[in-house]
Amino acid sequence: GALVYQYPRRTICKSGTSMRMECQAVGFQATSVAWYRQSPQKTFELIALSTVNSAIKYEQNFTQEKFPISHPNLSFSSMTVLNAYLEDRGLYLCGARQISNERLFFGHGTKLSVL
Amino acid sequence: QQQVRQSSQSLTVWEGETAILNCSYENSAFDYFPWYQQFPGEGPALLIAIRSVSDKKEDGRFTIFFNKREKNLSLHIKDSQPGDSATYFCAAGNNRIFFGDGTQLVVKP
């Protein structure tokens, strides 16, 4: 079956530091990867959509300078939260989509806490 | 502007009843509508999805009813079980998928 692994599962960083999170698709080819942030109130925000061999498209209020994303192949993507502050706290979710199949699968997420 | 709205923040039903979760969306160009189930501490799990060309999709105890003209849809959970207690997210989109704020379902035994 299709699985998405994210790591680390939880991370704590000091205010102003950066942290990188990774996403691995297993059992399918992830032509597109969407990164979301889920707030403590459970609201989802789409950060960016990355499609292999295309430019990464960031949503309003999110920038490459703050959330650089790499999507080098059909099974792996990573995103870094640069200069993290309190407002960046949340559960960061990677959603991967199969080739010719619209189903969007999520990993467990990376929970970011900022001190 | 919020793209996807779920009408209830929370819903409580008794075991064995049908839980009905409602959702509406803004963009008439959206053609894909998944529902996700999320337990505390976990990522959202895809439950069932429908495309805009259909008006009904059934998978076991879960059924989506879709009304393209009204831009709304609902998830029906038949014979609700305590193990169905979770937060349910309606989502909609094309390449980009947008989520509602979720409905927390409690099924009482």
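Use the structure listed above.
Since we're looking at a predicted model, the values are computed, not measured. (Residues numbered from 1 in each chain as written. Chains lettered and ligands numbered in written order. Predicted model: local features only at pLDDT ≥ 70, side-chain atom pairs only at ≥ 80, totals over all residues. Heavy atoms only, no water.)

Let's talk about the overall build of chain B
Put simply, the test is: Only DSSP runs of H or I covering at least 4 residues are called helices, and only runs of E covering at least 2 are called strands; the numbering of each starts at the N terminus. Atoms counted for the radius of gyration: C-alpha only. Globule rule: 2.2 Å times the number of residues to the power 0.38. The contact criterion used is simple: two residues touch if any of their non-hydrogen atoms lie within 4.5 Å. For the area figures, the Shrake-Rupley method with a 1.4 Å probe applies, and any residue is considered shielded solely by the protein chains shown. A positive count includes Lys and Arg, and a negative count includes Asp and Glu. His and the chain ends are not counted in either. We put the charge of a Lys on NZ, of an Arg on CZ, of an Asp on CG and of a Glu on CD.
Scanning chain B from N- to C-terminus turns up zero helices and 11 strands. The secondary structure elements of chain B, listed N-terminal to C-terminal, are β-β-β-β-β-β-β-β-β-β-β. The C-alpha radius of gyration computed for chain B amounts to 13 Å, which stays within 12% of the reference 13 Å derived for 109 residues, consistent with globular compactness. Each principal axis of the C-alpha distribution contributes one length, and for chain B these read about 40 × 25 × 20 Å. Counted over contacts in chain B with a minimum sequence separation of 6, partners at least 24 positions apart contribute 52%. For chain B, the exposed surface amounts to about 5300 Å²; the carbon and sulfur share of it is 44%. Between the mean site of the 11 positive side-chain charges and the mean site of the 12 negative ones, chain B shows a separation of 7 Å.

Side note on the packing of aromatic side chains
Rules: Put simply, two rings from Phe, Tyr or Trp (the six-membered ring, in Trp's case) pair if the centres are within 6.5 Å, and we call them stacked under 30 degrees between planes, edge-to-face over 60, tilted for the rest. Over a ring means this: the NZ of a Lys or the CZ of an Arg is within 6 Å of the ring centre and within 35 degrees of the ring normal.
Enumeration over the complete set of coordinates arrives at 16 aromatic pairs over all chains. Through pairs of rings, three or more aromatic residues link up here, namely Tyr36(A), Phe44(A), Phe106(A), Tyr36(B), Phe89(B) and Phe99(B). Taking the ring centre of Phe67(A) as reference, the NZ or CZ of Lys66(A) above it sits at 6.0 Å. Stacked on the ring of Trp14(B), the Lys or Arg Lys108(B) has its end atom at 5.7 Å from the ring centre.

Observations regarding the pattern of salt bridges
Charged atoms that come close allow side chains of opposite charge to pair. Residues and elements named next belong to chain B. Applied cut-off: Between Lys or Arg on one side and Asp or Glu on the other, a salt bridge is scored when a side-chain nitrogen of the former is within 4 Å of a carboxyl oxygen of the latter. Each residue's exposure class comes from its accessible area (1.4 Å probe, protein chains only) as a fraction of the maximum for that residue type: buried when under 20%, exposed when over 50%, partly exposed otherwise.
Inspection of every chain in the model, using the stated rule, returns 11 salt bridges over all chains. Taking the shortest distance from any N to any O, the salt bridge between Glu58 and Lys78 comes out at 3.8 Å. Here Glu58, found in strand β6 (residues 56-59), pairs with Lys78, found in the loop between β8 (72-77) and β9 (86-93); they are 20 residues apart in sequence, far enough to count as distant. Given a relative accessible area of 44%, Glu58 falls into the partly exposed group. Between Arg61 and Asp84 there is a salt bridge whose closest N-O contact spans 2.8 Å. Of the two residues, Arg61 sits in the loop between β6 and β7 (62-67) while Asp84 sits in the loop between β8 and β9, which places them 23 residues apart along the sequence. Exposure remark for Arg61: the relative accessible area of 27% places this residue in the partly exposed category. Residue Asp84 is classed as buried on the basis of its relative accessible area, which comes to 6%.

Examining the interface of chain B and chain A
Many structure descriptions define interface size as the accessible area lost when the parts assemble. In plain terms, the rule: Three classes are used, and their members are as follows: Ala, Val, Leu, Ile, Met, Phe, Trp, Tyr, Cys and Pro are nonpolar, Asp, Glu, Lys and Arg are charged, and the others, Gly among them, are polar.
Contacts between the two partners involve 18 residues from chain B, matched on the other side by 19 residues from chain A. The interface formed by chain B and chain A holds two salt bridges in total. One salt bridge connects Glu42(B) with Arg9(A), and the closest N-O pair in it is separated by 3.3 Å. Secondary-structure elements contributing two or more residues to the side of chain B that touches chain A are β4 (32-38), β5 (45-51) and β10 (97-99) of chain B. Looking at the side of chain B that touches chain A, its residues break down into eight nonpolar, six polar and four charged.

On their own, these measurements won't tell you what the molecule is for.
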